Amino acid sequence: MISIEKLSKIYTSKEGTVIGVNDVSLDIKQGEIFGVVGYSGAGKSTLIRCMNILERPTSGKVMMDGIDLMSLSSKELRKARQSIGMIFQGFHLAMSKTVVENVSFALKAAGVGRVERKKRAEKLLDLVGLSDKANQFPAQLSGGQKQRVSIARALANNPKVLLCDEATSALDPHTTQSILKLLKKINSELGLTIVLITHEMEVVKEICDRCAVMEEGRVVEEGNTYDIFAAPKNDLTKRFIQTVIDFTIPEVLFDKSEGTIVHLKFTGETAGEAIVSDLLQHHKVRGNILHGKVDYIQNQALGTFVMELTGEAKEVRGALNSLRSTLGDVEVLKNARSIDQSMARAE
Ligand SMILES: Nc1ncnc2c1ncn2[C@@H]1O[C@H](COP(=O)(O)OP(=O)(O)OP(=O)(O)O)[C@@H](O)[C@H]1O
Ligand SMILES: [Mg+2]
């Protein structure tokens, strides 16, 4: 659907040059919700603005349904942009126009007649749940309602893609959830492809099928959202995930513990409880769960357990080995003192 090839954007001014996006290649598939996450200044807005040539890339290509957007004349580009809707953190509504006028204005610009405009604007307001606010002004609406108006406006010309630049960043968590639900509904009911940029990994976890992590203009990791959450490779990705799946154990518990503390991850079908109870049956170790949580990402379970294992060093090592053979990756957060000593002796 959208194919970005080796895209770079360098800003040049009297003060010097700034790299906005650095050699990014991404393929966004028809009908998916694709998230781009990164800290402030990572290049997310620059990238998304390059997708509809609001910002002209310095080099590289943006292909939409096989058409090279950079090769279009300005008239052709205006036409192509009708199939690319966009919403922003700050809503960008016309304050002197009513809600329904804000939506129908986008249709007027596309040459749709008055009667048809009204009909379509009303239908869109119904879709976003704002039929009763049609004749109010933006100033009379809450942030969430304003974002609903801007979504209705962005959908006016039946776009194929909706680009969202921090669309929920100005909203409280509850309103964020309701807007994400609306985006999900539009995605599944209208089959609309959505590209969503955010600095909140929670947003990615909620609705993105795939995502990319950006740092200093580059994409440092990308993949299926579940896979990224289950096995992040890049340190920055890990930090983002920790904001959602936090298993930090209080220092005092850590210091007081005499045992070996391990972090276990259960993905997909693996039943965490069964593995843990099996382990305690087969090894002479005691297990104390310090943290346990199951998150659902794209309807798949991802369990995080932090466990303290106590017992003889040999038994604990045996337990760890059998955990590793069933789970693969088992991170030891702290070795028991007895194990440290036995390892030192072995050396
Ligand atoms: N118009 C511009 N002129 C010069 N430099 C720019 C311009 N727009 C962005 N930049 C620079 O490009 C880099 C990427 O900025 P960008 O706005 O894309 O980041 P972002 O990830 O969207 O950040 P935020 O989360 O704060 O919105 C930054 O270093 C920024 O200063
Ligand atoms: Mg931005």
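Residues numbered from 1 in each chain as written. Chains lettered and ligands numbered in written order. Predicted model: local features only at pLDDT ≥ 70, side-chain atom pairs only at ≥ 80, totals over all residues. Heavy atoms only, no water.

(A) Structural context of the domain arrangement of the chain. Assigned domains of the chain: these are domain 1 (2–240) and domain 2 (251–346). On the domain 2 side, the residues contacting the nine residues of domain 1 number 10 residues. Counting the surface domain 1 buries against domain 2, the share from its top three residues, K205, Y226 and A230, is 76%. Counting every contact that joins domain 1 to domain 2 gives one salt bridge. (Domains from an automatic or database assignment. Contact = heavy atoms within 4.5 Å. Buried area = accessible area lost by both parts, 1.4 Å probe. Salt bridge = Lys/Arg side-chain N within 4 Å of Asp/Glu carboxyl O.)

(B) The nonpolar core, seen in detail. Counting residues in each nonpolar core, the largest one holds 54 residues, and the members touching the most others are L125, I151, L183, L196, M201 and F229. Look past the residues within four positions of F229 in its chain and what remains in contact with it is M201, V204, K205, I241, V244, I245, K265, I297 and L302. Ranked by size, the runner-up nonpolar core spans 31 residues in total, among them L7, V62, L72 and A212. (Core = buried A, V, L, I, M, F, W, Y, C linked by side-chain atoms within 4.5 Å. Buried < 20%, exposed > 50% of the residue type's maximum accessible area, 1.4 Å probe, protein only.)

(C) The arrangement of the site of ligand 1 in detail. Neighbouring residues of ligand 1: Y11, V18, G20, Y39, S40, G41, A42, G43, K44, S45, T46 and E166. The separation between a nitrogen atom of ligand 1 and a polar side-chain atom of Y11 is 3.4 Å. Between ligand 1 and G41 there is a distance of 2.8 Å, counted from an oxygen atom to a backbone nitrogen or oxygen. Relative to its unbound accessible surface of 630 Å², ligand 1 loses 59% to contact with the protein. Those elements that place two or more of their residues in the shell around ligand 1 are β2 (16–28) and α1 (44–51). Its residues placed into classes, the shell around ligand 1 shows four nonpolar, six polar and two charged. (Near = heavy atom within 4 Å. Polar contact = N/O pair within 3.5 Å; in protein donor to acceptor, adjacent residues only side chain to side chain. Areas by Shrake-Rupley, 256 points an atom, 1.4 Å probe, with all protein chains shown as cover. Helix = DSSP H or I, 4+ residues; strand = E, 2+ residues; numbered from the N terminus. Nonpolar A, V, L, I, M, F, W, Y, C, P; charged D, E, K, R; others polar.)

(D) Structural view of empty space enclosed by the protein. Under the defined criterion, the tally for this structure stands at one cavity of 30 Å³ or more. As a volume, the largest cavity reaches approximately 40 Å³. For the largest cavity, the full set of lining residues is C164, E166, A167, T168, L180, L183, L196, I197, T198 and V203. Breaking the lining of the largest cavity down by element, the ones donating at least two residues are α6 (173–190) and β8 (193–198). The element that contributes the greatest number of residues to the lining of the largest cavity is β8, accounting for three residues. The residue inventory of the lining of the largest cavity, partitioned by class, reads seven nonpolar, two polar and one charged. (1 Å grid on protein atoms, 1.4 Å probe; cavity = no way out; pocket = protein on both sides within 12 Å on 5 of 7 lines; lining within 4 Å. Points joined across faces, edges and corners; volume = space filled by probe spheres on them.)

(E) Main features of the environment of E308. Here E308 is to be found in strand β13 (residues 300–310). Remark: the alpha-carbon pair of E308 and I289, spanning 19 residues in sequence, is separated by 6.4 Å. When neighbours within four sequence positions are excluded, E308 is seen to be in contact with S257, E258, G259, T260, I261, R286, G287, N288 and L290. Looking at E308, its side chain comes within polar contact range of the side chain of S257, at 2.6 Å.

(F) Structural context of the pairing of strand β7 (residues 161–165). Of all five residues in β7, five are buried; the element is thus mostly enclosed. Side-chain alternation along β7 places V161, L163 and D165 on one buried face and L162 and C164 on a second face that is also buried. Sheet analysis places strand β6 (residues 84–88) next to β7, joined by five bridges and oriented parallel. The partner of I84 across the bridge, within β7, is V161. With five bridges joining them, β7 and β8 adopt parallel strand pairing. Bridge pairing in β8 links V161 to T193. (Pairing = 2+ DSSP bridges.)

(G) Structural context of the layout of surface pockets. For the largest pocket, the calculated volume is near 650 Å³. R81, I84, M86, A106 and N157 are, among the 20 residues lining the largest pocket, the residues nearest its centre. Listed by contribution, the elements that provide at least two residues to the lining of the largest pocket are α2 (74–81), β6, α3 (99–109) and α5 (143–155). Taken together, the residues that form the lining of the largest pocket break down as 10 nonpolar, seven polar and three charged. The space that makes up the second largest pocket amounts to roughly 550 Å³. For the second largest pocket, the lining is made up of 23 residues, of which A230, P232, H263, K265 and E331 are closest to its centre.

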